[in-house]
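# Fold and contact review
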Amino acid sequence: MKLNGYLQRLIAFTLLLSMLPVAILGIFSYFKSSSDIQDKVNDGNMLRLKQTQMTVEQVLKTVEHTAVRFANSPLVNDHIDVSLTPHEFGIVGDLMNELTTLSGGQLQYMDPVLISVREGWAVSDDGLSPMADKIGYDELNYYLERPGQSFWISEAGDPFTGSQAGDINLVIKIPLNDRNPSGLLLVRTSSGDVNRHIFKSQRSGSIMVLDHQDRVLLSETELAIGDNAARHGFFQDIQNTGLTSGYTESDVGEERSAISFIESSYNGWSYLSIVSIDDITSESRMIGWLTLVICVMTLLFTSLISFFGSFRMYQPIRSLYDLSAQMTGTTAEPLARGGDEFRIISERIQRLDMNRSRLTEQLDRQVEQLNEFFMLKLLHGEIPRKDIGERLHMFGYDESTMHQCVLAIQIDTLEGTLYEEKDKDLMLFAMKNIVTELAPSQGLHACMVTGHSVIVVRGSNQSSKEQFLQELYAEAETFQKEIKHYLKLKASIGISRVYSDFEQLPLAYSESVEALKYRMKLGYESILFIEDMTSGGGNLAYPEQLENRLLDAVKETNADQAVTLLEEWVNELFRTELRIDEYRLSLVRLLTQIMRIVQDTGESLRWQDQENKSVIDQLFELNSRQDILEWFRDTVIAPAVTLLDERRGEKYKSISDEVIRIIHEEYDTDLTLEECAARLHYHPSYIWRILRKESGISFSEYLAQHRLKMAKQWLEETEMTITEIAERLRYNNAQNFIRYFKKMEGVSPGKYRKQHHDPDAS
């Protein structure tokens, strides 16, 4: 079998799985052993360093103790302020003997000197001598000014006059505890003498001692005595730790070294142990090689097991690969280099799952469509009773459901919304989706769009019908709220009676749609139970008086009064509890009366709308009281009043013109309003109103003005006498004519004629 695809990765994984623990264990063992060895070396170096410190400080403390005892002796305190001369050899001899005793301590080289600062003499192993021969002025002042009564001084740096680099001096002020000492006891020794007391170890590494000024005092390294350690990097690393004792790593020379350090609280000296890292890890490297050999042998063994075990584990995968090829109808082609059996198997399974999902989706869609189709036919009563049970069982309905009810949801209006009439179907499907999401799936038989409604068929097994109705009302409120929230639409819901049998759903459907028609009384966003809507009715109290007044206002073309009376008529009509057919009958009666008024004029109006719906169809589609008022006002009353007003204006104009013609032709007769009305077959008051409306003056005023016009014309153009003119114009006597003429023209008829025949006479 070729090592392709998953088998390669399986072998690689098992090898990695076997190698990784061994490698981790080997690396851990190596570093753990190296760390333990280094910790032990560091602990050993620190112990060695402490032993060295204790040894050196024990020697120094022994010398200091002996010197202090000598400085406090009566021999020294009695003669330190005495001026000694060579003649006082007894006292000098005693002092020399005591100083010799100091030299016999643990240090091989010691040079004790007793100095009288006030008297200027010095006593040493060489006898009595001037103070200046034993100590320089600078050195003396340095010791006197330094605080403390007893201290060790290193001259590792720049030695004083007469001293050598590396000298270590013990200085004791005499007398002790005196601020103004009169003498000094100076014990000189060398760093080499102290160096022989340092602990010598078989382990590699070296010891270094620094004085209180960080100068090399004792050293087994390449650093010289007196060298300033602060100039070297390793000392800076020690300072950076901020500790008085501890461990750090740094470069000393060209090697990486481990440094253990202690700072003495006795004299401020620092003790350093420096060991090369390579020397420490030499044993660790041997352990590392041994660990590597063991790991390699273990890896070889586990690799063989991984290789043969992988072949056994791969067999089921290969079988699954071949089976998936058979199920998808593809050939089990050989894997390409680097191919992935699981990827190919996954693709084949996904292909199978996609095919299954596609088939399931198509089946579900068809089942859902068939379910809706079945429910629509059931609601419309198109399924025979004998087939209902079988169909219900086929579509998974529970025939034992105790209560059935139908809800019809309709959009109240699209006015004032973002939608147009063409968007109505889309909004109905959006409402259907909202209702489907909100309705409880347990009791939702169907939710579908039919006509202008969303129909919801609900069922329940609750024992109480009243509780089921309360639940339906709560759901209806939720439907209205969410439709208004998401679609910004107002909707009303009609709810049928509750039935116990699926065979009664056609009746429930018609009841739910019928309940919505009562919106014309209750208005928009109503929840209408058919039981509540049909509980009253039967006592029709038609507002006939208001109707007569409304019709009179229409006849008189008084649109404002007609609209006001229409509102009163509608309010009066809906104040009575009637059935929907009774409301509609009353509305049709009013519409018929108005249409008859229009038809009596010999004219007709176009009552169809843009969709060629009849006026009755338009009336029956109205959903609310406000819709009814607006429809009657805009569609019926306003056009009727306009038409009647136009017809009346034409008629008035014709009558007015006929009256004026008679006046113009018969002004010189005993013409009266009654005679004109009789000739035109109208009532005199009707003729009077028409002439007044058309000309702005009454019949008598118009007749008098025309006669005056003719009188002026005759005065200007004829030689008729005033009496003749008065008689012809049917005045009783000439004086009445003269008074009327003068009243209207401001002059008498005679003067009027004279003014027109002789303009200069005025």
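What comes next is a walk through the structure. (Residues numbered from 1 in each chain as written. Predicted model: local features only at pLDDT ≥ 70, side-chain atom pairs only at ≥ 80, totals over all residues. Heavy atoms only, no water.)

Here the focus is the packing of helix α22 (residues 673–680) against helix α23 (residues 684–695). Helices that pack against each other are described as a pair by the angle of their axes relative to one another and the distance between those axes. Look at α22 against α23: their axes get within 8 Å of each other, and the N-to-C directions meet at 100 degrees. The orientation of α22 with respect to α23, classified from their angle, is roughly perpendicular. Packed against α22, whose contacting residues are Leu673, Glu674, Ala677 and Leu680, the element α23 presents Pro684, Ile687 and Trp688 at the interface. (Axes fitted to C-alpha atoms, helices over the stretch in contact; angles between N-to-C directions. Helix = DSSP H or I, 4+ residues; strand = E, 2+ residues; numbered from the N terminus. Parallel < 35°, antiparallel > 145°, perpendicular 65-115°, else oblique. Contact = heavy atoms within 4.5 Å.)

Turning next to the layout of surface pockets. Size it by volume and the largest pocket reaches roughly 1200 Å³. Around the largest pocket, the lining is made up of 31 residues, and of these Lys424, Lys613, Glu621, Leu622 and Asn623 lie nearest the centre. Residue composition of the lining of the largest pocket, grouped by class: ten nonpolar, eight polar and 13 charged. The calculated volume of the second largest pocket comes to roughly 440 Å³. (1 Å grid on protein atoms, 1.4 Å probe; cavity = no way out; pocket = protein on both sides within 12 Å on 5 of 7 lines; lining within 4 Å. Points joined across faces, edges and corners; volume = space filled by probe spheres on them. Nonpolar A, V, L, I, M, F, W, Y, C, P; charged D, E, K, R; others polar.)

Turning to the pairing of strand β11 (residues 270–276), a few remarks are in order. With respect to burial, β11 is a largely interior element, seven of its seven residues being buried. Neither face of β11 is exposed, since Ser270, Leu272, Ile274 and Ser276 on one face and Tyr271, Ser273 and Val275 on the opposite face are all buried. With five bridges connecting them, strand β7 (residues 206–210) and β11 associate as antiparallel partners. Following the sheet pairing, leucine 210 is matched in β11 by serine 270. Linking strand β10 (residues 255–263) back to β11 in an antiparallel pair, the connection comprises six residues, with glycine 268 at a positive phi of about 80 degrees. (Buried < 20%, exposed > 50% of the residue type's maximum accessible area, 1.4 Å probe, protein only. Pairing = 2+ DSSP bridges.)

The next point concerns the nonpolar core. As a rule of thumb, soluble globular proteins bury nonpolar side chains together. Membership of the largest hydrophobic core comes to 62 residues, with the highest contact counts inside it found for Met375, Leu379 and Phe632. For this core, the element with the most residues is helix α21 (residues 625–666), which contributes ten residues. If near-sequence neighbours (up to four positions away) are discounted, methionine 375 is found in contact with Tyr397, His445, Ala446, Met448, Val457 and Leu505. (Core = buried A, V, L, I, M, F, W, Y, C linked by side-chain atoms within 4.5 Å.)

Taking 1.5 Å per residue as the helical rise, helix α12 (residues 424–438) with its 15 residues ought to reach 21 Å, and the 21 Å between its terminal C-alpha atoms agrees with that figure. Lys424, Met427, Leu428, Met431, Lys432, Ile434 and Val435 are the residues of α12 that are buried. Mapping the buried residues of α12 onto a view down its axis gives an arc of 165 degrees, with all of them on the same face. The exposed residues of α12 that point more than 90 degrees off its buried face are Leu426 and Glu437. (Expected span 1.5 Å × (residues − 1). Arc of directions from axis to C-beta.)

A separate point is the sheet that holds strand β13 (residues 444–450). If you trace the five strands from one edge of the open sheet to the other, you get β13-β14-β12-β15-β16, paired in mixed fashion. Taken across any chain shown, the strands that pair with only one partner, and hence form the sheet edges, are β13 and β16 (527–529). Adjacent strand axes in the sheet meet at a mean angle of 20 degrees when their direction is disregarded. Examined bridge by bridge, strand β15 (residues 491–495) and β16 share three bridges and lie parallel to one another. Residue pairing in the sheet places glycine 494 in a bridge with leucine 528 of β16. Contacts between α12 and the sheet are confined to β12 (403–411), β13, β14 (453–460) and β15, with β13 contributing the most and set at about 170 degrees to the helix. The strands touched by helix α13 (residues 465–487) are β12, β14, β15 and β16; relative to β12, the strand with the most contacts, the crossing angle is about 20 degrees.

Shape descriptors only; they carry no functional weight alone.
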